[in-house]
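Coordinate analysis (summary)
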Amino acid sequence: QVHVVESGGGLVQAGGSLRLSCAASGRTFSSYTMAWFRQPPGKEREFVAAISWSGDSTYYADSVKGRFTISRDNAKNTVYLQINNLKLEDTAVYFCATRTKVIYGIRDRMAYDYWGQGTQVTVSS
């Protein structure tokens with residue numbers, strides 16, 4: 001089992017940057033693919049990015065490619081999401097999650113368990 005806590009959100013002007021962190025507990029953290037999802041106001045939770053257990057493979061939603069970078073430090077049990085050139089539509093609660101069900105695709109919310117409480121990112125004009 002993995003317990004995760006997200007941090008790093010805040011209020012940022014459009015065009016700005018943030019780095020979100022997901023601190024995980026559990027000695028098997030380095031065995032799991034980890035992902036970031038987000039939930040905009042009034043909308044469904046959506047896939048943002050994922051990273052394999054080794055960090056060698058990364059996956060992104062088309063809407064964030066080129067602006068978001070996911071990374072991990074297994075020695076620190078932490079996953080990061082670097083967000084650059086923030087846009088108004090990036091406003092959302094950002095969640096970290098652990099992939100536990102490989103029968104579902106890596107971008108499928110159903111593949112993930114052990115969600116954190118989320119961190120709010122608000123982009124202003």
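First things first, this report covers the structure right here in the doc.

What counts and what doesn't
Residues numbered from 1 in each chain as written. Predicted model: local features only at pLDDT ≥ 70, side-chain atom pairs only at ≥ 80, totals over all residues. Heavy atoms only, no water. Helix = DSSP H or I, 4+ residues; strand = E, 2+ residues; numbered from the N terminus. Rg over C-alpha atoms; globule rule 2.2 N^0.38 Å. Buried < 20%, exposed > 50% of the residue type's maximum accessible area, 1.4 Å probe, protein only. Contact = heavy atoms within 4.5 Å. Areas by Shrake-Rupley, 256 points an atom, 1.4 Å probe, with all protein chains shown as cover. Lys, Arg positive; Asp, Glu negative; His and termini not counted. Charge placed at Lys NZ, Arg CZ, Asp CG, Glu CD. Polar contact = N/O pair within 3.5 Å; in protein donor to acceptor, adjacent residues only side chain to side chain. Salt bridge = Lys/Arg side-chain N within 4 Å of Asp/Glu carboxyl O.

What follows covers the overall build of the chain. Tallying secondary structure elements over the chain gives zero helices and 11 strands in all. Relative to the 2.2 N^0.38 estimate, which gives 14 Å for 125 residues, the radius of gyration of the chain is 13 Å and therefore close to what a compact globule would have. C-alpha extents for the chain along the principal axes are approximately 40 × 30 × 25 Å. Residues counted as buried form 45% of the 125 residues belonging to the chain. Counting contacts in the chain only where the partners sit at least 6 residues apart, residues at least 24 apart contribute 56% of the total. Just so you have it, the chain exposes about 6300 Å², and 47% of that area is on carbon and sulfur atoms. On the chain, the mean spot of the 14 positive side-chain charges and the mean spot of the 10 negative ones are 2 Å from each other.

Checked against the element boundaries, E6 lands in strand β1 (residues 3–7). Among the polar contacts made by the side chain of E6, one reaches the main-chain amide nitrogen of C96 at a distance of 2.7 Å. In terms of polar contacts, E6 uses its side chain to reach the backbone amide nitrogen of G116, at 3.4 Å. Excluding anything up to four places from it in sequence, E6 contacts S21, C22, W36, Y94, F95, C96, G116, Q117, G118 and T119.

Bringing the pattern of salt bridges into the picture now. Per the stated rule, a full pass over the model turns up five salt bridges. In this structure, D62 and K65 form a salt bridge, with 3.3 Å as the shortest nitrogen-oxygen distance. In this structure, the salt-bridge partner of D113 is K101, at a minimum N-O distance of 2.7 Å. Of this pair, D113 sits in strand β10 (residues 112–113) while K101 sits in the loop between β9 (92–99) and β10, placing them 12 residues apart in sequence.

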